[in-house]
Amino acid sequence: MAASSSDAQPGGGASESDEERQRRAERERRFWGNAPPGLHSIVMAFVPIHLLIQLQLPPLAWQHAVRKQHHLTISAADEDQRSFWQRTTIDLVGEWATYLRQLTTIVLRYPFGFPRWCFDVFVAIIEGHIAGRRAANLTGGTLETIAIERGVRLTGTARQSVARTNPPLPAPLDPPPTLHALTTIAGLWGDDHEVLADRRWLMPSLAVVRQEGWDAGSLGQFIGSSRSLRCVDGMWMFDGDEWASVFEGIPAAPAGPQGGPLAQLERIGTILVWGDNPTGIERLQEVLMARGCRGSLKQLDVQFCPRFFIGRPTMRVLLALDRLATSVSYFFTEDGLTDPHTDPSPAAIDIASTLSFDKATSVEVKNAYEFHPPANTPSPHPAIIAHMQPFPEASELSVRSKLGGAAGRLLADKMPKKVGRVDIERVSGAEEKVGVLASLGTAREVRTVQMGDIGVDQLEQLLVGAADELPTIKRLYFDLTVPDGVEDAGSFVRTQLLSVIPRIRGLQCVELRVKTTTAEQRDSLVTCIPVGTNIGSFTVRRISGYVGTWVTMTAVRNA
């Protein structure tokens, strides 16, 4: 469904008669002829490219306007835009794109069921942008983000009008283009977009790649020119050997403790584990380390295939995975509610006590994906955690599940003496929250505690009994809801702060978010506790958040 050159050139209309086109062109010429100087530059930077192309502008004015375009979206959602992209010719697209020399972002938004819709236009614009910069002798690059998005739902006649669903791609550039500034490519889908690997793009700054369904060879070829990778993931799994082949196309780093093209790598997609042979995992580790990935990984996702039994034969695989890991996560699942693992077997204890996480910098507890436990579910007590080795390099403990109180207490006992951050915002109830803190013990020092919503009256009572068990806490963040019927919110909040602050050793800063306040309560807070107010040995330094129902107050210890 391609239009003729005359239909698709700038200013052309697909369904107008010659007389209508002439009248419209004359109106536009009069308007732009009488326009104040500089109006083109101001207005045209905000006109979508598919509309800009159709305006009856003088060639030089049109080229100047196109050069100011930074963001381009090719979308099937709008009927007029969908029709425009479907009927234009690829030669004209390539010509227009050479003027898009300042392009920073391009998005292809295709309709459900048609992932290659206008894919030739998408590729032609990217490569035309590069060709234009080459022709103009421009160094470096501007294109930073490429995204392919599905989500346009079309029904009935709109769906029937979809064309250009599997177009041939234009001939590749020779030599292949270099996208100097490109950092992110997202939304690559299976065989439909895998052909991009054959374009041989050079992308030295590429940091984030998100794909689904690519094979390891194509993915490795696609990312092979990057020297800045941070994340290569998506809803797809490779085993250790396949992941190793993905990264083998990237040159190895010179010998030495620092540097290398994968020195910034933080995350890769899921590793699929089969059987009891660690060879693939060990090969992956060798490939990563040879390219500079020596402790940068922050998260490692592993999927054990069906009928994978953990025991002594699979110990070598677990130990090989252990050598890659920099984070430890405990997940709650549906099975974990029926079998809370309160009485682990000797074999499980043997394995748990053997594994070490010497590189782990973060420890967390959370629910598995799409697992939503019923209300009032008691907190499971996964006793196996007690048999794990400590985490000597961990700086953060995050309990991101309402069920995580008991697990958080067990993990807290494994943390080092100095902890950067403890997040217990989602733990249920003040008693569970204080229990996690108490499990850290008096010998530990915590820089920041994110406590979340808590009843201060209950907190005060708990702190009376637990104050001698808590670690030193430098900064405390918590939320407070003013009870119904409290009119003097300022006095209420001040009293509560005075009751809590003295019971926490080492406290230097408190940030309190007062939630769901009325206008009268907010006025009371500001009047009763203005900036500069002393609350015990603390001084209120900042009050913010008057918009909505939140008021945030920050107080610091007096020098």
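Note that the structure is predicted; figures quoted are calculated from it, not measured. (Residues numbered from 1 in each chain as written. Predicted model: local features only at pLDDT ≥ 70, side-chain atom pairs only at ≥ 80, totals over all residues. Heavy atoms only, no water.)

Brief notes about the overall build of the protein chain
On a plain count of helices and strands, the protein chain comes out with 21 helices and 18 strands. Buried residues in the protein chain amount to 49% of all 559 residues. Contacts in the protein chain between residues far apart in sequence, at least 24 positions, make up 77% of those at least 6 positions apart. Carbon and sulfur atoms make up 52% of the accessible area of the protein chain, which amounts to about 26500 Å² in all. (Helix = DSSP H or I, 4+ residues; strand = E, 2+ residues; numbered from the N terminus. Buried < 20%, exposed > 50% of the residue type's maximum accessible area, 1.4 Å probe, protein only. Contact = heavy atoms within 4.5 Å. Areas by Shrake-Rupley, 256 points an atom, 1.4 Å probe, with all protein chains shown as cover.)

Observations concerning the sheet that holds strand β18 (residues 551-557)
Ordered in space as β9-β10-β11-β12-β13-β14-β15-β18-β17-β16, the ten strands form an open sheet in which the pairing is mixed. Two strands in the sheet have a free side with no partner beyond their single neighbour: β9 (327-332) and β16 (534-535). Pairing between β16 and strand β17 (residues 538-544): two bridges, direction antiparallel. Considered in β17, the bridge of Ile 535 is made with Phe 538. Contacts from helix α18 (residues 430-440) reach β11 (396-400), β12 (418-423), β13 (445-453) and β14 (472-481) within the one sheet, and its direction differs from that of β13 by about 170°. (Pairing = 2+ DSSP bridges. Axes fitted to C-alpha atoms, helices over the stretch in contact; angles between N-to-C directions.)

Notes on helix α20 (residues 489-500)
With twelve residues, α20 should reach 16 Å at 1.5 Å per residue; the first-to-last C-alpha distance of 17 Å fits that figure. Restricting attention to buried positions, one finds in α20 the residues Ala 489, Gly 490, Phe 492, Val 493, Gln 496, Leu 497, Ser 499 and Val 500. (Expected span 1.5 Å × (residues − 1).)

As for the pattern of salt bridges
Applying the stated criterion across every chain yields a total of 19 salt bridges. Among the salt bridges present, the one from Glu 425 reaches Arg 513, with a minimum N-O distance of 3.6 Å. You can see Glu 425 sitting in the loop between β12 and α18 and its partner Arg 513 sitting in strand β15 (residues 509-515), a full 88 residues away along the chain. Judged by its relative accessible area of 31%, Glu 425 is partly exposed. Since its relative accessible area comes to 25%, Arg 513 is described here as partly exposed. (Salt bridge = Lys/Arg side-chain N within 4 Å of Asp/Glu carboxyl O.)

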